[in-house]
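Single-letter residue listing:
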Amino acid sequence: MNATVSTAVFGGFMVLTVALGLLAVRGRGSGGGLTEWSVGGRSLGTVFIWVLMAGESYTSFSYLGAAGWGYKFGAPVLYVLAYMSCGYALGYVVGPMLWAYARRHHLVGITDMVAHRYRAPWLGAAVAVLATVCLLPYIQLQITGMGVVVSTISYGAISLNWAYFIAFAVTTGFVVISGLRGSAWVSVLKDLLVIATLGFLAVYVPLHYFGGYGPFLHRIVAEKPQWLTFPGHEPGGLGPVWFVTTTVVNSLTVVIFPTTVAGYLGARNADVLRRNALYLPFYNVLLFVPMLLGMAALFVVPGLVGAHSDLALFKLVVDSLPAWAVGLTGVAAALSSIVPMAVFMLVIGTMWGRSVLGARWRPDTGAGEASGEGRRRTAGGRQKLWSQLVVVVAGALALLLTYTAPDTLVRLSLISYEGMAQLVPMLLLGLVWRRLTLCAAVSGLVAGFALVCVLVFGGHDPVWGMNAGIVALAVNVAVALGVTWLGPRDADERPDTEVLALDDEFPRDGARSRDGAAGPTASS
């Protein structure tokens, strides 16, 4: 009976999820092309951007990993709060800069940006491949996370294999149809459920098991003090130096992560992103809940080891709540997998459809503005079809490897953030410093990414107590600067407004940019 009730609740909300994806694009037809599908037509307002970008950062890790790290390590898990908050502060500057640059040059992702900045379409394709290597593990991990949640809340009635397939089918279905706009709509539902369930658990669990927060915290201090200090419970170098360096490298990386940039580019104007950067840190308060509940599970379900520590929170839920509440909590956790997984798949599809498989649009050089616009729309429609096909292929590949070789992508996920960090100099430094050359940017990227692979797969992360990614990033910047000053110079006659992201590229409401295009108005 418990399995029937919780599974029925879960199934009903999965149908609602797909329905929201369809409703999001109702009346918009199929003529929006790649821009409408991949970045929501650059028309999303503050609320949708807030829930979308919160959804990308609040994944199944928040229910499983954050509680699991709290259960296993303790204090080191607070790095998540630190790097997200610092990343939002950086996003206040970086988000509008990337939004304006992409809008001016009709770009839809980081692969477009680097290809345009360095006049090298092949570089966009190479970055698409590199980013896919770093993003594909996240799809697999979200499939795995949702599978674990669904199997747990069904009291074992739904097997892991079927739960993995459900995660793939639901996510692929609505992202292919509705794109970024559908993900934003589903994020609203997800956030309502996340806030409700975690708010309830934050009050219920301490009262139910300990009689309140006071007795709970006193018990932790008395019996588990090592969970409250660095380097945490289990040794492994997760001390203060690791905490600071991980916060720095992750906060730099999160602002140029392809999924974050997709959120930037979906905004209707730059002020939406600035407001969003102010509001997003409030969402981080919710992360304290699974962290604390993970430590509460130390006393309720002791003895969880390895990957089973990630089930700490749901062991509490299944142990103490009625079936309908278990199902509702499972829906919130499942949607916390579906929303980021959808954006990961959409971004991979866009990168490949735009920069690898699809013919790139070129500005018209003599046939007139109307003719150039028509060709851009035709190319955009073709690239959208390629992108949707890649979404299905990427999801199917992640699903297949989840069944056949789960450890392969899980191992690759170790380099995801550290690997993506190596794109920071090429993208951010390149957009503000004209002297950074193509040769220098590529040399730094190769050196940094190679060093990350050597350190991580060689078992040297942390290295000297520091996050391996920041060591590789320092080498990346040093190589890029050295090659810029000592290597060949690029012969690029384009004006600064074509190459760089300048301050005058941010037209205020009702103003006009340098090229004469009307800036976004208050009613846009």
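In this text, all values refer to a predicted model and were calculated from it rather than measured experimentally.

So, on to the nonpolar core. Looking at soluble globular proteins, one finds that nonpolar side chains tend to be buried together. Ranked by size, the top nonpolar core spans 154 residues in total, and within it Leu 98, Met 113, Ile 139, Leu 423 and Met 426 carry the most contacts. Apart from residues no more than four positions distant in its own chain, Met 113 is found in contact with Leu 98, Tyr 101, Ala 102, Leu 107, Val 261, Leu 265 and Leu 427.

Bringing the environment of Leu 427 into the picture now. Its place among the elements puts Leu 427 in helix H19 (residues 424-432). The class of Leu 427 is buried, set by a relative accessible area of 3%. Sequence separation between Leu 427 and Ala 441 is 14 residues; the distance between their C-alpha atoms is 8.7 Å. Apart from residues lying up to four places away in sequence, Leu 427 is in contact with Ile 110, Met 113, Val 114 and Ile 256.

The next thing to look at is the packing of aromatic side chains. For any pair of aromatic rings, the description rests on two quantities: the centre-to-centre distance and the angle between the ring planes. Under the criterion given, the structure shown has 19 aromatic pairs. Summarising the aromatic geometry, the rings of Tyr 83 and Tyr 417 are spaced 5.8 Å apart at their centres and angled 70° between planes, so their arrangement reads as edge-to-face. Of this pair, Tyr 83 sits in helix H5 (residues 79-105) while Tyr 417 sits in helix H18 (residues 416-420); the two residues are 334 residues apart in sequence, bridging distant segments of the chain. Here Tyr 83 and Tyr 417 have matching classes, each one buried. By the ring-pair criterion, three or more aromatic residues cluster together here, those being Trp 69, Phe 73, Tyr 79, Tyr 83, Tyr 138, Trp 242, Phe 257, Phe 344 and Tyr 417.

The residue Cys 86 is located in helix H5 in this model. Each C-alpha atom of the pair Cys 86 and Thr 247 lies 7.7 Å from the other, and the pair is 161 residues apart in sequence. Other than its neighbours up to four places away in sequence, Cys 86 contacts Thr 247 and Ser 251.

Time to look at a nonpolar patch on the surface. Together, Tyr 92, Val 93, Leu 278, Tyr 279 and Phe 282 make up a nonpolar patch on the protein surface, roughly 550 Å² of accessible area in all. Among the secondary structure elements, those contributing two or more residues to the nonpolar patch are H5 and helix H12 (270-283). For the nonpolar patch, the leading source of residues is H12, giving three residues. Topologically, Tyr 92 is positioned in helix H5.

So, on to the state of the cysteines. By definition, a disulfide links the sulfur atoms of two cysteines through a covalent bond. Here the structure, examined in full by the defined rule, presents zero disulfides. Cysteine Cys 134 remains unbridged, with the sulfur of Cys 453 as its closest cysteine sulfur at 8.3 Å. The exposure class of Cys 134 is buried, given its relative accessible area of 0%.

What follows deals with unusual backbone geometry. The peptide bond linking Phe 230 to Pro 231 adopts the cis configuration, its omega dihedral lying at 5°. Assignment of secondary structure puts Pro 231 in the loop between helix H9 (213-223) and helix H10 (240-254). For the bond from Asp 461 to Pro 462, the omega torsion is 10°, close enough to zero to count as cis. Along the chain, Pro 462 turns up in the loop between helix H20 (438-457) and helix H21 (468-486). Unlike most non-glycine residues, Arg 119 shows phi in positive territory, near 50°. Summarising the element assignment, Arg 119 is placed in the loop between helix H6 (110-118) and helix H7 (121-153). Of note in the backbone geometry, Trp 464 takes a positive phi value of approximately 55° without being a glycine. Mapped onto the secondary structure, Trp 464 falls in the loop between H20 and H21.

Look at H20: 28 Å from first C-alpha to last across 20 residues, which is about the 28 Å you get at 1.5 Å a residue. Where H20 is buried, its residues contact H6, H7, H18, H19 and H21. Directly after H20, the chain includes Gly 459, whose backbone phi takes a positive value near 80°.

So, how was this worked out
- Residues numbered from 1 in each chain as written.
- Predicted model: local features only at pLDDT ≥ 70, side-chain atom pairs only at ≥ 80, totals over all residues.
- Heavy atoms only, no water.
- Core = buried A, V, L, I, M, F, W, Y, C linked by side-chain atoms within 4.5 Å.
- Buried < 20%, exposed > 50% of the residue type's maximum accessible area, 1.4 Å probe, protein only.
- Contact = heavy atoms within 4.5 Å.
- Helix = DSSP H or I, 4+ residues; strand = E, 2+ residues; numbered from the N terminus.
- Phe/Tyr/Trp six-rings, centres within 6.5 Å; stacked < 30°, edge-to-face > 60°.
- Patch = residues over 30% accessible without salt bridge, like charges linked within 9 Å, V, L, I, M, F, W, Y side chains within 5 Å.
- Areas by Shrake-Rupley, 256 points an atom, 1.4 Å probe, with all protein chains shown as cover.
- Salt bridge = Lys/Arg side-chain N within 4 Å of Asp/Glu carboxyl O.
- Disulfide = S-S within 2.5 Å.
- Expected span 1.5 Å × (residues − 1).

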